[in-house]
Amino acid sequence: MRIPNDPLTREEFYNDLVRKCLVSREERKGDYETLRSYYLFGAPGEENPAPFNKIFPHIDQLVSFLYAAETTRFSIVLGAGVNVSEHKKSPKLVQRLNDEWYSSNADLVFGEAISWAMCYNSTFVKLIWKSGKVHPYMVEPSMMGVLREDVPYLDDQEAFVNTYYITKSALWSRLYNHPNRDSILNRITASIKAREDIPEGVSRIVISQVNPTIYGNTNLNLSGYNRYKPRVDEPTVEMRELWLWNDEIDDYQCVTIADPGVVIYDRPGEQMFMKGEHPFIQVCPSPKYDYFWGISEVQRLIGLQDMRNRRMNEILDLLGRQVKPPTALIGFTGIMDEKNFALNRDDGLIATDMPNAKVEQFAPALPPDLFREIGEIDAMFAEVSGIVSVLQGRGEAGVRSSGHASQLAKLGSSRAKQRALKIEDSLEKMATLYMKMLQAYSAEQLVDEEGNKFIPEQFTHDYYVKVDAHSNSPIFVDESRALAFNLLKVKAINRERLIDLLDPPMKQLIKEDLKKIEQGEAMAAIAQQAQEQRKEQLKAVK
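Scoring rules and cut-offs
- Once a new chain begins, its residue numbering starts again from 1 and follows that chain's sequence as written.
- Where totals are concerned, whole chains, interfaces and linings use all residues; where local detail is concerned, this predicted model gives features only for residues with pLDDT of at least 70, and gives and counts side-chain atom pairs only at 80 or more.
- Derived side-chain values reflect all non-hydrogen atoms in the structure, with water molecules and hydrogen atoms excluded from consideration.
- In what follows, salt bridge is the name for a side-chain nitrogen of Lys or Arg lying within 4 Å of a carboxyl oxygen of Asp or Glu.
- The helix count covers DSSP runs of H or I at least four residues long, the strand count covers runs of E at least two residues long, and both are numbered beginning at the N terminus.
- pLDDT expresses, on a scale from 0 to 100, how confident the predictor is about each individual residue.
- The criterion used for residue contact is that any of the two residues' heavy atoms lie within 4.5 Å.
- Per-residue accessibility, obtained with a 1.4 Å probe over protein chains only, is compared with the maximum for each type, and a residue is labelled buried under 20%, exposed over 50%, and partly exposed between these values.
- Each axis is a line fitted through C-alpha atoms, taken for helices only over the stretch in contact, and angles between the N-to-C directions span 0 to 180 degrees.
- Each angle gets one of four labels, with under 35 degrees taken as roughly parallel, over 145 as roughly antiparallel, 65 to 115 as roughly perpendicular, and the rest as oblique.
- Left-handed describes a crossing whose near helix is turned anticlockwise from the far helix through less than a right angle; right-handed describes the clockwise counterpart.
- To estimate how far a helix should reach, multiply one less than its number of residues by 1.5 Å.
- Residues enter patches when their relative accessible area tops 30% and they take part in no salt bridge; the joining distance is 9 Å for like charges and 5 Å for the nonpolar side chains Val, Leu, Ile, Met, Phe, Trp and Tyr.
- We get accessible surface area from the Shrake-Rupley algorithm with a probe of 1.4 Å; when it comes to residues, only the shown protein chains can shield them.
- For the charge count, each Lys or Arg is scored as positive and each Asp or Glu as negative, with His and the chain ends excluded.
- The atom standing in for a charge is NZ when the residue is Lys, CZ when it is Arg, CG when it is Asp and CD when it is Glu.
- Ring geometry is summarised as follows: Phe, Tyr and Trp rings, the Trp one being its six-membered ring, pair when their centres sit within 6.5 Å, and such pairs are stacked at plane angles under 30 degrees, edge-to-face over 60 and tilted between the two.
- Definition used: whenever NZ (Lys) or CZ (Arg) falls within 6 Å of the ring centre and also within 35 degrees of the ring normal, the charge is taken to sit over that ring.

**Details of the pattern of salt bridges**
Across all of its chains, the model carries 28 salt bridges by this definition. The residue Asp-266 makes a salt bridge to Arg-10 at a minimum N-O spacing of 2.6 Å. Taken together, the residues Asp-266 in strand E8 (residues 262-268) and Arg-10 in helix H1 (residues 7-21) connect sequence positions 256 residues apart. Across the pair Lys-429 and Asp-155 runs a salt bridge whose closest N-O atoms are separated by 3.4 Å. A residue pair is termed long-range when its members are at least 10 positions apart, and Lys-429 in helix H14 (residues 414-441) and Asp-155 in the loop between strand E4 (144-146) and strand E5 (159-167) qualify at 274 residues. When salt bridges with common partners are traced through the structure, they connect Asp-16, Arg-19 and Lys-20 into a single cluster.

**Side note on the confidence of the model for the protein**
For residues with low pLDDT, the predicted coordinates do not support detailed interpretation. With 87% of its residues at a pLDDT of 70 or more, the protein shows a mean pLDDT of 83. Every residue in residues 190-194 is under pLDDT 50, and counting partners more than four places away or in other chains gives eight contacts. Scored below 50 in pLDDT, residues 198-210 shows 10 contacts in the model against residues more than four places distant or in partner chains.

**Side note on the environment of Leu-22**
As for its placement among the helices and strands, Leu-22 is situated in the loop between H1 and helix H2 (25-41). Judged by relative accessible area, which is 13%, Leu-22 ranks as buried. Taking C-alpha positions, Leu-22 is 7.5 Å from Met-144, a pair spaced 122 residues apart along the chain. If we ignore the near neighbours within four places in the chain, the residues touching Leu-22 are Met-144, Gly-145, Val-161, Thr-163 and Arg-240.

**Looking at unusual backbone geometry**
The amide bond that connects Asp-259 to the next residue, Pro-260, takes the cis arrangement and shows omega of 10 degrees. By secondary structure assignment, the location of Pro-260 is in the loop between strand E7 (251-258) and E8. One non-glycine residue, Tyr-153, lies in positive phi territory at about 75 degrees. Looking at the secondary structure, you find Tyr-153 in the loop between E4 and E5.

**Here we look at the packing of helix H3 (residues 55-66) against helix H10 (residues 297-323)**
Viewed as axis vectors pointing N to C, H3 and H10 meet at an angle of 140 degrees, and their least axial separation amounts to 11 Å. One way to sum up the angle between H3 and H10 is to call them oblique. Crossing of H3 over H10 shows right-handed handedness. Across from Ile-55, His-58, Ile-59 and Leu-62 in H3, the residues of H10 making contact are Glu-297, Val-298, Leu-301 and Gln-305.

**What about helix H5 (residues 106-119)?**
Helix length check: H5 (14 residues) gives 20 Å between terminal C-alpha atoms against 20 Å at 1.5 Å per residue, within 8%. Taking burial as the measure, the 14 residues of H5 include 12 buried ones, the bulk of the element. Burial in H5 covers these residues: Ala-106, Asp-107, Val-109, Phe-110, Gly-111, Ala-113, Ile-114, Ser-115, Trp-116, Ala-117, Met-118 and Cys-119.

**Here we look at a negative patch on the surface**
On the surface, Glu-158, Asp-247, Glu-248 and Asp-250 cluster together into a negatively charged patch. The topology assignment puts Glu-248 in the loop between strand E6 (236-246) and E7.

**Concerning the packing of aromatic side chains**
Under the criterion given, the structure shown has 19 aromatic pairs. Centre to centre, the rings of Tyr-39 and Phe-56 are 5.1 Å apart; their planes meet at 40 degrees, and the pair counts as tilted. Taken together, the residues span a long stretch of sequence, with Tyr-39 in helix H2 and Phe-56 in helix H3 at a distance of 17 residues. Put simply, the rings of Tyr-32, Tyr-39, Phe-56, Trp-116 and Tyr-120 touch in pairs and so form one group of aromatic residues. A cation over a ring is seen here: Lys-89 above Phe-454, with NZ or CZ 5.4 Å from the ring centre.

**Focus on a nonpolar patch on the surface**
On the surface, Met-506, Leu-509 and Ile-510 cluster together into a nonpolar patch covering about 290 Å² of accessible area. Ile-510 sits in the partly exposed class, given a relative accessible area of 32%.

Printed below as a string of structure tokens:
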């Protein structure tokens, strides 16, 4: 992309790009509000929460099959032309990468990003190097915008925007050394306003009318409940971070813009992150080839949740009329409400001198399979996301042994495995950026397997980071363990490598104990060999 050189034309060019990238933002924000409400409460935002929200535990269980933060580990795969000596540095770099991954809480941030990507359709993780370590942050899709929504993958976009909010005091602190600080703040101050969470459609219908007064009925729950929406009373400034590919420098151009279109910083991406790289990783469990944001898992389940809510409300109504059935007072005179109140209280008594007076109750008959349809709807939830009964720990008809159950689980997990591999791609990209950031910014000294000291920058750049043995997903655990023991059985690996593959608790202490055990075994083998030699010598003398 060619960027104009004239300052005024350049600023107009940047603001026009931001407008094009955020063209669908308000529409998507309204959709995301609905998806969020169904995910948290099982009902749209204007209705009361569902009696039982099936979507939240269903998504929670699905994510648990796709990603396990505590077992995920990485390995470095070197290019074909890399010198063999570089392999000796890999173990320490992998250990350093894993330490940085867990110490920065990247495992938790990535897990949270997957859960909300299931709710919306995509989420993003932004990496920042600060205070000598990597800091990951999750970014909602409503805070992102891309130039072409018909092109998948963030790396293929010519330009994209990250929107965020910052207080005026924090902005003042960041602009402390800026040469144009005063003029920038004067232009920004006039535009500071509170954030609005009203979707564009509702705002257009309710607020923009000549007479905004609305008449009618509303389903209002006065008891109230927590909607989990943050409230910020401090005025904030909307900031936009525009990333676009600059053909002249063969790198990204990072432009920081404050509302209303005030360009604060305009610099090459190398000064903000790394040359040729951007700090955003898209997490999209269900990508779509012609729609950048992908498919929302919650949106697939909304119809089933509505069906479940409707049927559950009907069942509760039926049970309520069974406990307190409709009553007919035949032949009674007077105030019926008082008589009905007397009939429905402890030791209630009612009397009349009218002949043939009687009380009849019309309790509805309860069908024997009252909750059967609820079970069928729950089975549809599992079918939509590909979670079979065996994976959920439930018994299956016709299963005769544990081996049979394991085989069924293996065959039934194919859909979940396919999605886990898609998430693994985002995980590997994020881990590769972690490794590149360590090389670019860390000067920590490491020691290779031969005792030579080196820093991460001295390691080759011809590599990529892989999730070791698909350890990000619990579905692959049994297969990985069986493969590790088979490799040891055929002597393709030693016992230390087996410990690395199994990744047990207290791994370092186990390795130290293994060294002592192997030393004892070596000494015992030498003693055994010496004893055999003495026996041979004695036989020769005789």
